[in-house]
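Each chain, written out:
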Amino acid sequence: MASKSEVLGSRTTRLTDLTTGFAQLPRWSILLLAAVVVRALTFGNPVVHVDEEFYFVTAQQMLHGAVPFVDVWDRKPVGLFLIYLLPAAFGVPAGIWVYQAMALACVVGTAMLIARLAEKAGWERGALIAALLYLFMINFADGQGGQAPVFYNLLMAWAFLLVVPKPEDQSGDRRRIHRGTLAMLIVGVAMQVKYSVVFEAMFLGIWLMWREMRLGTSIAHILRRGCLWAAAVWLPTLIVWAVFILMGHGEAWFYANFGSIVDRLSDPPLVLLRAFLKIALILGLLLIVSGLSRHVPVKDPSEHPVRALFFGWLIAAVIGLLVFGSWFNHYALPVLVPASLCCAGYLGGTEFGRKWVAPVMLLAAGLGGEYTAWSAKWHRGNAEQLEALADGIGKGSGCMYVYSGNAILYSYTDRCTVTPWIFPSHLSRERENGALGVDQLEEINRIFANPPEIVVMRPAYYGERAESHQLAVKRMDELGYRLRGRWPLGDLYISVYELPEARKSTPPRLASSKPA
């Protein structure tokens, strides 16, 4: 009979063999496995987040001929909706799986680039840790689905990889200059996914010009190259604007993409404070560990400018987060790339970081992120609940107005829309008042002038404009809407109202290009 020490030794040997075997796997397979494990909870769920529901519905509307910012209104750049065109073509529920598979591929690709960037900075021992940290942390920031940064973070990591400084860099090296141009063009494409990239774009452009100075480039050449890089970063946006001008919707595009951002009101101070504290909680430890990485010594002097680039990127991302305000959880997603990257130095370059801090951070991020995703699913609902709600509404020729609730119901019921403002909170949220290119109350009155067959309404929410809610309820009472039923969706009950004798709605009018 084996002794206790022999059994223990055997188990230790097997664990060591397992760990060694796992470490010998290709990096991409480790990251893919980790990403699948932490994201599997959300696969196939159409109500992961209200934002991506809307992106999916907008893409479907575009496939049927709708023009963004005109027939379907939002202030996100058109590139985000183009990403969702492929999933939307599959319809529901298959398209939900497709966009989530695309998001999975993007987060794994981003994690791989984070590891590669870490190696460039001399943080090889922390490269895999940083990549895994990114995969685990994004669930804290509502990145378990298809939020915009889930897609464009891949582009940003790629752009920074292209411009990593090398010891052999020369001022006149055309390949290096072209890599800078390509990087700025990629950042420009990312800007057409979400404009919050602009602060990172500004930093990268300034850094490229500063790098030219360090290489001894003349002022004239620095200015010439700076103009080239500025043109590259704005080229995608200018092309999109030109297309909308040619379509006759240049003014509508400009107001939706820029004017409405300026016009949008701020949330109440207490709401902002709570949101900021949540963001600080998500990012706080990462930023502290990133700061500790600055004290990790370099093995070669050529690593200094590389690390300076990455720390500058992190600072620019944080500044962008602070300036844009609102501070929804997913606003932390762009910061997670350079923050996870910069953690690699301390977590891999110090004994205490490797043995104690890294395991604790990965374990906390993995379990905490998974709990956050589970909690979001419990609060927001799942596929079965949404399908039951959609069955309760039913498919039909009559149009539907989702006053508040879930935009994805348009996809699951195949019902027509009655307004370009189909993102539910646009016409009902206080801070959107005066920032839509249309008066909220006038648009609600217009909707009920030719009443939709179905109206969907969730319970009143914090930040809802009381006048909008009261007007919608008043018009439904006047028109004789009756309650068809209430269905659970997450921790809410969604009310569905129907018109006793549905009247055919007129086609939705075009969104105005400036405030009425």
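Structure report, in brief. Every residue gets a number counted from 1 within its own chain, in the order that chain's sequence is written. Under the rules for a predicted model, residues below a pLDDT of 70 receive no local features and side-chain atom pairs below 80 are neither given nor counted, while totals for whole chains, interfaces and linings still include all residues. Where side-chain values are given, they derive from all heavy atoms of the structure, hydrogens and water being excluded.

Some points on the state of the cysteines
The criterion for a disulfide is a pair of cysteine sulfur atoms lying within 2.5 Å. Within this structure, the stated rule accounts for one disulfide. Through a disulfide, cysteine 399 is tied to cysteine 416; the S-S separation comes to 1.7 Å. Disulfide cysteine 399-cysteine 416: torsion about the S-S bond near -100°, hence left-handed. Placement of the pair is cysteine 399 in the loop between helix H17 (383-393) and strand S1 (400-402) and cysteine 416 in the loop between helix H18 (409-413) and helix H19 (440-449), with a sequence separation of 17 residues. Only protein chains enter the accessibility calculation, which uses a 1.4 Å probe; a residue whose area is less than 20% of its type maximum is buried, one above 50% is exposed, and one in between is partly exposed. Of the residues examined, cysteine 416 reaches a relative accessible area of 30% and is grouped as partly exposed. Only DSSP runs of H or I with at least four residues qualify as helices, and only runs of E with at least two residues qualify as strands; both kinds are numbered from the N terminus onward.

Focus: unusual backbone geometry
Proline 93 follows valine 92 through a cis peptide bond whose omega is 5°. With respect to the helices and strands, the residue proline 93 is situated in the loop between helix H5 (85-89) and helix H6 (94-120). Phi is positive for phenylalanine 69, close to 75°, though the residue is something other than glycine. When its relative accessible area of 1% is taken as the criterion, phenylalanine 69 is described as buried. Phi at aspartate 142 takes a positive value of approximately 60°, unusual for a residue other than glycine. Mapped onto the elements of the fold, aspartate 142 is located in the loop between helix H7 (127-137) and helix H8 (148-162). Look at aspartate 142 and you get buried, because its relative accessible area is 9%.

Looking at the pairing of strand S4 (residues 492-498)
Most of S4 sits inside the fold, with five of its seven residues counted as buried. When strand S2 (residues 454-457) meets S4, the two strands line up antiparallel, connected through four bridges. Across the sheet, valine 456 pairs through a bridge with valine 496, a residue of S4. Note on pairing: DSSP must find at least two bridges between two strands before they are called paired. Note: strand S3 (residues 482-489) against S4, seven bridges, orientation antiparallel. Looking across to S4, one finds that glycine 485 is bridged to valine 496.

Some thoughts on empty space enclosed by the protein
Points on a 1 Å grid, built from protein atoms alone, make a cavity when a 1.4 Å probe fits but cannot get out and make a pocket when they are open with protein on both sides within 12 Å along at least 5 of 7 lines; residues with an atom within 4 Å of a point are the lining residues. Grid points are joined across faces, edges and corners, and a volume is the space filled by probe spheres set on the points. All chains considered together, the criterion is met by three cavities of 30 Å³ or more. Within this model, the largest cavity holds a volume of roughly 90 Å³. Taken together, Leu162, Val163, Val164, Pro165, Asp169, Arg176, Arg179, Gly180, Trp207, Leu208, Arg211 and Trp229 make up the full set of residues lining the largest cavity. At the level of elements, helix H9 (174-191) and helix H10 (198-214) are the ones that each hand at least two residues to the lining of the largest cavity. Considering only residue class, the lining of the largest cavity consists of seven nonpolar, one polar and four charged. The nonpolar class holds Ala, Val, Leu, Ile, Met, Phe, Trp, Tyr, Cys and Pro. Asp, Glu, Lys and Arg form the charged class, and all remaining residues, Gly among them, are polar.

A word on a nonpolar patch on the surface
Residues with no salt bridge and a relative accessible area higher than 30% make up the patches, which join like charges within 9 Å and nonpolar side chains (Val, Leu, Ile, Met, Phe, Trp, Tyr) within 5 Å. What sets the accessible areas is the Shrake-Rupley method with a 1.4 Å probe; for residues, cover comes only from the shown protein chains. One speaks of a salt bridge when a side-chain nitrogen belonging to Lys or Arg is within 4 Å of a carboxyl oxygen belonging to Asp or Glu. Together, Trp158, Leu182, Leu185, Leu235, Ile239, Val243 and Met247 line one region of the surface with nonpolar side chains, adding up to about 580 Å² of accessible area. Residue assignment for the nonpolar patch shows that the elements contributing at least two residues are H9 and helix H11 (219-246). Tracing the sequence through the fold places valine 243 in helix H11.

Here's the deal with the packing of aromatic side chains
Stacked, tilted and edge-to-face are the three classes assigned to paired rings of Phe, Tyr and Trp, where Trp is represented by its six-membered ring and a pair needs centres within 6.5 Å; plane angles under 30 degrees give stacked, over 60 edge-to-face, the rest tilted. One pass over the full model with this rule turns up 26 aromatic pairs. Arranged with centres 6.4 Å apart and planes meeting at 45°, the rings of phenylalanine 43 and tryptophan 97 form a pair that is tilted. Residue phenylalanine 43 is located in the loop between helix H2 (27-39) and helix H3 (50-63), and its partner tryptophan 97 is located in helix H6; the two are separated by 54 residues in the primary sequence. Note on tryptophan 241 and tryptophan 253: the rings are 5.5 Å apart at their centroids and 20° apart in plane angle, and the pair reads as stacked. On the criterion of sequence distance, the pair formed by tryptophan 241 in helix H11 and tryptophan 253 in helix H12 (residues 250-263) is long-range, its members being twelve residues apart. The class for tryptophan 253 is buried, based on a relative accessible area of 1%. Here the aromatic cluster, defined as three or more aromatic residues joined through ring pairs, consists of Phe54, Tyr55, Phe81, Tyr84, Tyr99, Phe151 and Phe423. One residue, arginine 294, lies across the ring of phenylalanine 311, its end atom 5.8 Å from the ring centre. Only when the NZ of Lys or the CZ of Arg is both within 6 Å of the ring centre and within 35 degrees of the ring normal is a charge said to sit over the ring.

Considering the pattern of salt bridges
Taken as a whole and judged by the stated rule, the model has 19 salt bridges. Between glutamate 212 and arginine 176 there is a salt bridge, with its nearest N and O atoms 2.6 Å apart. Here the residue glutamate 212 occupies a position in helix H10, and arginine 176 occupies one in helix H9, the gap between them amounting to 36 residues. Note on glutamate 212: relative accessible area 0%, which makes it buried. What emerges from the salt-bridge pattern is a single network uniting Arg27, Arg116 and Glu119.

A word on the sheet that holds S4
Read across the open sheet, the four strands follow the order S1-S2-S4-S3; overall the sheet is mixed. Of all the strands in the sheet, just S1 and S3 have a single pairing partner and so form its edges. Direction aside, the axes of adjacent strands within the sheet are offset by 20° on average. Strands in contact with H17 are S1, S2, S3 and S4; relative to S3, the strand with the most contacts, it is inclined by about 170°. Whenever a helix is involved, its axis is fitted only over the stretch in contact; in every case the axis is a line through C-alpha atoms, and angles between N-to-C directions fall within 0 to 180 degrees. Note on definitions: a residue-residue contact is assigned when non-hydrogen atoms from the two residues lie within 4.5 Å.

Some thoughts on the nonpolar core
Think of a nonpolar core as a cluster: buried Ala, Val, Leu, Ile, Met, Phe, Trp, Tyr and Cys residues, connected wherever their side-chain atoms sit within 4.5 Å. Of all hydrophobic cores here, the largest spans 158 residues; its most connected members are Leu135, Phe310, Leu347 and Tyr401. Take this core: its biggest share by element is 13 residues, from H6. Beyond its immediate sequence surroundings of up to four residues, leucine 347 is in contact with Ile129, Leu133, Val289, Gly353, Arg354, Val357, Ala358 and Met361.

Some points on H12
To estimate the expected span of a helix, count its residues, drop one, and scale the result by 1.5 Å. Helix length check: H12 (14 residues) gives 18 Å between terminal C-alpha atoms against 20 Å at 1.5 Å per residue, within 8%. Bend is the name given here to the angle between axes fitted to two runs of seven residues, the run ending at a residue and the run starting at it. By the largest-angle criterion, alanine 256 marks the main kink of H12, which is about 40°. Every buried residue belonging to H12 is among Gly250, Ala252, Trp253, Tyr255, Ala256, Asn257, Gly259 and Ser260, and all of these are buried. Buried positions along H12 lie against H11.

Considering the pairing of S2
Alternating positions in S2 separate into two faces, Ile454 and Val456 on one and Val455 and Met457 on the other, with burial throughout. Note: S1 against S2, three bridges, orientation parallel. Residue valine 402 lies in a different strand from S2, and its bridge partner there is valine 456.

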